[in-house]
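The chain contents come next:
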Amino acid sequence: MRSVLLLEDDFFDTMVVQKSFAKFNVQHKLYTAFNGIEGLDLLLGRGGVPAIDPLPEVILLDLNMPKMNGHEFLAELRNYPQLRDIPVFVTTTSSMDVDRLNAQNLGVSGYILKPIDFETNNDMVDSMSLLEKLLK
């Protein structure tokens, strides 16, 4: 089954994504991790966690997480040839240019400011259009 990996440490934001997937009838299994370490464990099958198989088509990544933040996760992800081409969309409350630039330098496919509201957030229209195309 096709899948998406969400790395998000906020329970409410995780629920919003889950509800949005249901509302828009996204037919992908949604895997969740609460930090970058858990995300890598899911992708690589480490720490007694079975690897997501097949690998997710898209990763939705929060930048501000404990243990391993989004920037650290992206840098580590790009070190694995089997993972480096998975499209990553950053979701964050940070509108700081330095965060956006760092994420772009690590090859993200889109940058989405939270709170995520799939109906009214005009800043994310282009990213959501690209995400929808990737998931079809």
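A.B. asks: Would you take a moment to explain the overall build of the chain for this structure?
C.D. replies: A tally of helices and strands in the chain yields 5 helices and 5 strands. Counting from the amino terminus, the chain carries its helices and strands in the arrangement β-α-β-α-β-α-β-α-β-α. Taking as baseline every contact in the chain between residues at least 6 positions apart, the subset at least 24 positions apart corresponds to 64%. Entry remark: accessible area of the chain is about 7,300 Å², with carbon and sulfur atoms responsible for 53%.

A.B. asks: Can you walk me through helix α2 (residues 36-44) in this structure?
C.D. replies: Since there are 3.6 residues in each turn of an α-helix, residues three or four apart along the chain are aligned in direction. All of the buried residues along α2 are Gly 36, Gly 39, Leu 40, Asp 41, Leu 42 and Leu 43. N-capping of α2 is provided by Asn 35, with a side-chain oxygen placed 2.9 Å from the backbone N of Ile 37. Downstream of α2 by one or two residues, Gly 45 has phi in the positive range, about 70°.

A.B. asks: Sorry, what's going on with helix α3 (residues 70-77) here?
C.D. replies: When α3 is considered as a whole, its buried residues turn out to be Gly 70, His 71, Phe 73, Leu 74 and Leu 77. Summarising the axial view, the buried residues of α3 lie within an arc of 160°, below the 170-degree limit, and thus occupy one face. The N-terminus of α3 is capped by Asn 69, whose side-chain oxygen sits 2.9 Å from the backbone nitrogen of His 71.

A.B. asks: In this structure, what is going on with the side chain of Asp 41? I would like to understand it.
C.D. replies: Turning to its location among the elements, Asp 41 is positioned in helix α2. Residue class for Asp 41 comes out buried when judged on its relative accessible area of 15%. Of note is the side chain of Asp 41, whose polar atom sits 3.0 Å from the side chain of Arg 46. What Asp 41 contacts, discounting residues up to four positions off in sequence, is Arg 46 and Val 49.

A.B. asks: How should I be thinking about the nonpolar core in this particular structure?
C.D. replies: One broad rule of soluble globular proteins: the nonpolar side chains tend to lie buried together. Counting 21 residues, the largest nonpolar core has Leu 7, Leu 43, Ile 59, Leu 61 and Phe 73 as its most contacted members. Going through the elements one at a time, β1 (3-7), α2, β3 (58-62), α3 and β4 (88-92) are the ones with two or more residues in this core. When residues no more than four places from it in sequence are discounted, the contact partners of Leu 43 are Leu 5, Ala 51, Leu 55, Pro 56, Ile 59, Phe 73, Leu 77, Leu 83 and Ile 86. In terms of nonpolar packing, the next biggest core, distinct from the first, is built from 8 residues, Leu 6, Phe 21, Val 58 and Leu 60 among them.

A.B. asks: Where do I start with the packing of aromatic side chains in this structure?
C.D. replies: Evaluated as defined, the whole model comprises 0 aromatic pairs. Against the face of Tyr 31 rests Lys 29, its NZ or CZ located 5.0 Å from the ring centre.

A.B. asks: It is not clear to me how the pairing of β4 should be interpreted in this structure. Could you clarify?
C.D. replies: Here is the key point about a regular strand: its side chains alternate between the two faces of the sheet. Burial within β4 is extensive, with 5 of its 5 residues counted as buried. A two-sided burial pattern is seen for β4, the buried positions comprising Val 88, Val 90 and Thr 92 on one face and Phe 89 and Thr 91 on the other. Both β3 and β4 contribute to a ladder of 4 bridges, which runs parallel. Looking at the pairing, Ile 59 lines up with Val 88 of β4. Read as a crossover between parallel neighbours, the route from β3 over α3 to β4 is right-handed.

A.B. asks: Got a minute to help me understand unusual backbone geometry in this structure?
C.D. replies: Glycine aside, negative phi is the norm for most residues, and most peptide bonds take the trans geometry. The omega angle of the peptide bond from Asp 53 to Pro 54 is 0°, so this bond is cis rather than trans. Tracing the sequence through the fold places Pro 54 in the loop between α2 and β3. In the Ramachandran plot, Lys 67 falls in the positive-phi region, its phi being about 65° despite a non-glycine side chain. Position of Lys 67 among the secondary structure elements: in the loop between β3 and α3. Since its relative accessible area comes to 70%, Lys 67 is described here as exposed.

Conventions adopted
Residues numbered from 1 in each chain as written. Predicted model: local features only at pLDDT ≥ 70, side-chain atom pairs only at ≥ 80, totals over all residues. Heavy atoms only, no water. Helix = DSSP H or I, 4+ residues; strand = E, 2+ residues; numbered from the N terminus. Contact = heavy atoms within 4.5 Å. Areas by Shrake-Rupley, 256 points an atom, 1.4 Å probe, with all protein chains shown as cover. Buried < 20%, exposed > 50% of the residue type's maximum accessible area, 1.4 Å probe, protein only. Polar contact = N/O pair within 3.5 Å; in protein donor to acceptor, adjacent residues only side chain to side chain. Arc of directions from axis to C-beta. Core = buried A, V, L, I, M, F, W, Y, C linked by side-chain atoms within 4.5 Å. Phe/Tyr/Trp six-rings, centres within 6.5 Å; stacked < 30°, edge-to-face > 60°. Lys NZ or Arg CZ within 6 Å of the ring centre and 35° of its normal. Pairing = 2+ DSSP bridges. Right-handed = clockwise from strand over helix to strand, strands pointing away.

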